[in-house]
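One-letter residues, chain by chain:
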Amino acid sequence: MGCLGLIRSSWGANLQVTVLLPDGHPLGGVVVTAHPATGPSHPAPPVAAVMDQVNRAFSPDLLVIPLESSVSFPNSDSVSHQIYSFSLPKRFQLPLYRGKPYPPVIFDQPGLVTLGCNIHDEMLAYVIVTDAPFFGRTNTTGAWSADVPGGGYRVSIWHPRLREDAKDLQGELTVTDIDGGNLTLHLAKPLKPASLEGRPHSWVSY
């Protein structure tokens, strides 16, 4: 599902985050980022990611990448596409093309980047650019975990259909080498309706 993260097995403390819907059911596909609560925070190393275009849809339709990472946008579709972003962290446009992509796009500012196609309005994707050292997406049980150094952490979550206030989408916890650390975020409000009907997305089914 386009999930990238940094896991170092040499660290003995385990950080686990669980996200639940108002009815108690797990919410998968949630983007989770974890920063140290105090002291310097160093982003994960940049990566080279790929977001293809297949059957008039982005594949994957959500990427989570560290700062300074690059993303290639090949078009494996049978029709041409014109990819664009008007988002402040990264504004760009790839004029109409098929097949071989333009040079990779470098994402050098943290934040949410929303992608579309000027030709096909139903195409929608997101790139989350993070300066967090630990990040990923929750699985079908609503959980995400990583091995981290012991200490305090500030955790934030994001999902395209969340309607919570910003303060409800974050929490703090202490992770110890012996017991690890667990944080459960229980949403108070139901998800927003899917933004585009008739087109499956990795976040729509939850």
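Refer to the structure printed above.
Values in this document were obtained by computation on a predicted structure and should not be read as measured data.

### Looking at the overall build of the chain
1) Next: Of regular secondary structure, the chain possesses zero helices and 17 strands.
2) Next: Considering only intrachain contacts with a sequence separation of at least 6, the fraction spanning at least 24 residues in the chain is 66%.
3) Next: With the model as given, the accessible surface of the chain reaches about 9,800 Å², and the carbon-plus-sulfur share is 53%.

### Overview of the sheet that holds strand 2 (residues 31–36)
1) Next: Reading across from one edge, 13-2-15-16 is the order of the four strands in this open sheet, with antiparallel pairing throughout. The two strands at the open ends of the sheet, each matched to only one other strand, are strand 13 (134–137) and strand 16 (170–175). Sheet twist, expressed as the mean angle between neighbouring strand axes with direction ignored, is 25°.
2) Next: Examined bridge by bridge, strand 2 and strand 13 share four bridges and lie antiparallel to one another. Residue Thr 33 lies in a different strand from strand 13, and its bridge partner there is Phe 135.

### Overview of the nonpolar core
1) Next: Judged by nonpolar contacts, the single largest core of 24 residues is most densely connected at Leu 15, Leu 27, Trp 144, Val 148, Ile 157 and Leu 187.
2) Next: Elements represented by at least two residues in this core include exactly strand 1 (13–20), strand 2, strand 14 (143–148), strand 15 (151–158), strand 16 and strand 17 (181–186).
3) Next: Ranked by residue count, the leading element in this core is strand 1, at four residues.
4) Next: Leave out the neighbours within four places in its chain, and Leu 15 touches Ala 34, Trp 144, Ser 145, Ala 146, Val 148, Leu 173, Val 175 and Gly 181.

### Digging into the sheet that holds strand 7 (residues 69–72)
Within a sheet, each strand pairs with its neighbour through backbone hydrogen bonds, oriented either parallel or antiparallel.
1) Next: An order of 3-7-10 is seen for the three strands of this open sheet, with the pairing classed as mixed. A single partner strand is all that each edge strand has here, and the edge strands are strand 3 (48–50) and strand 10 (105–107). Along the sheet, successive strands turn relative to each other by an average axial angle of 30°, direction set aside.
2) Next: Where strand 3 meets strand 7, three bridges bridge the pair, whose relative direction is parallel. Residue Val 50 lies in a different strand from strand 7, and its bridge partner there is Ser 72.

### Here's the deal with the layout of surface pockets
1) Next: Quantified by volume, the largest pocket comes out at close to 250 Å³.
2) Next: Taken together, 15 residues line the largest pocket, and the ones lying closest to its centre are Thr 33, Ile 128, Thr 130, Ser 156 and Trp 158.
3) Next: Those elements giving two or more residues to the lining of the largest pocket turn out to be strand 2, strand 11 (111–117), strand 12 (124–130) and strand 15.
4) Next: Across the lining of the largest pocket, the residue classes break down as eight nonpolar, five polar and two charged.

Criteria and cut-off values
Residues numbered from 1 in each chain as written. Predicted model: local features only at pLDDT ≥ 70, side-chain atom pairs only at ≥ 80, totals over all residues. Heavy atoms only, no water. Helix = DSSP H or I, 4+ residues; strand = E, 2+ residues; numbered from the N terminus. Contact = heavy atoms within 4.5 Å. Areas by Shrake-Rupley, 256 points an atom, 1.4 Å probe, with all protein chains shown as cover. Pairing = 2+ DSSP bridges. Axes fitted to C-alpha atoms, helices over the stretch in contact; angles between N-to-C directions. Core = buried A, V, L, I, M, F, W, Y, C linked by side-chain atoms within 4.5 Å. Buried < 20%, exposed > 50% of the residue type's maximum accessible area, 1.4 Å probe, protein only. 1 Å grid on protein atoms, 1.4 Å probe; cavity = no way out; pocket = protein on both sides within 12 Å on 5 of 7 lines; lining within 4 Å. Points joined across faces, edges and corners; volume = space filled by probe spheres on them. Nonpolar A, V, L, I, M, F, W, Y, C, P; charged D, E, K, R; others polar.

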